[in-house]
Amino acid sequence: MLWSTYWVCDTNMKFVYVITGWEGSGTDSRVLRDAVNHTHGLKVFMEKYYLCDNGYPNCEGFLTPYKRVMYHLSEWSSR
């Protein structure tokens, strides 16, 4: 059985939130919703955003990249 963990870092790369125990079938958006709605859950401060991957919803406090856009491809192609 797979267990998912959800880790959130601040701009100083320090962990500010960790949640564990989700079975591998939990979708990113379900885990995020649980983290935000939990009693001692993830706090999103006004006018601040977390950068997420495309598995998460684009909603207040969370920004995801445009879908189907390859960012910085030229920077990584020579590696």
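As a starting point, this report considers the structure included with it. (Residues numbered from 1 in each chain as written. Predicted model: local features only at pLDDT ≥ 70, side-chain atom pairs only at ≥ 80, totals over all residues. Heavy atoms only, no water.)

**A closer look at the overall build of the protein**
Line of reasoning, step 1. When its secondary structure is counted, the protein shows two helices and four strands.
Line of reasoning, step 2. Ordered by position in the sequence, the α and β elements of the protein form the string β-β-α-β-β-α.
Line of reasoning, step 3. Taking all 79 residues of the protein together, 22% fall into the buried category.
Line of reasoning, step 4. Total accessible area on the protein is roughly 6800 Å²; 56% of this is exposed by carbon and sulfur atoms. (Helix = DSSP H or I, 4+ residues; strand = E, 2+ residues; numbered from the N terminus. Buried < 20%, exposed > 50% of the residue type's maximum accessible area, 1.4 Å probe, protein only. Areas by Shrake-Rupley, 256 points an atom, 1.4 Å probe, with all protein chains shown as cover.)

**Focus: the layout of surface pockets**
Line of reasoning, step 1. Looking at the largest pocket, its volume works out to about 450 Å³.
Line of reasoning, step 2. In this structure, the largest pocket is lined by 21 residues; those nearest its centre are Val8, Cys9, Asp10, Val16 and Tyr50.
Line of reasoning, step 3. Secondary-structure elements contributing two or more residues to the lining of the largest pocket are β1 (3-9), β2 (15-23) and β3 (50-51).
Line of reasoning, step 4. Take the lining of the largest pocket: its biggest share by element is four residues, from β1.
Line of reasoning, step 5. Among the residues making up the lining of the largest pocket, the classes are represented as 15 nonpolar, two polar and four charged. (1 Å grid on protein atoms, 1.4 Å probe; cavity = no way out; pocket = protein on both sides within 12 Å on 5 of 7 lines; lining within 4 Å. Points joined across faces, edges and corners; volume = space filled by probe spheres on them. Nonpolar A, V, L, I, M, F, W, Y, C, P; charged D, E, K, R; others polar.)

**Description of unusual backbone geometry**
Line of reasoning, step 1. Here the phi dihedral of Met13 falls at roughly 60 degrees; this positive angle occurs in a residue that is not glycine.
Line of reasoning, step 2. Of note, Met13 is situated in the loop between β1 and β2.
Line of reasoning, step 3. The residue Glu47 is not glycine, and still its phi comes out positive at about 65 degrees.
Line of reasoning, step 4. Turning to its location among the elements, Glu47 is positioned in the loop between α1 (28-37) and β3.

**Describing the side chain of Thr64**
Line of reasoning, step 1. Its place among the elements puts Thr64 in the loop between β4 (62-63) and α2 (73-76).
Line of reasoning, step 2. For Thr64, a relative accessible area of 14% translates into the label buried.
Line of reasoning, step 3. Excluding residues within four positions of it along the chain, Thr64 makes contact with Cys52, Asp53, Asn54, Tyr56, Pro57 and Asn58. (Contact = heavy atoms within 4.5 Å.)

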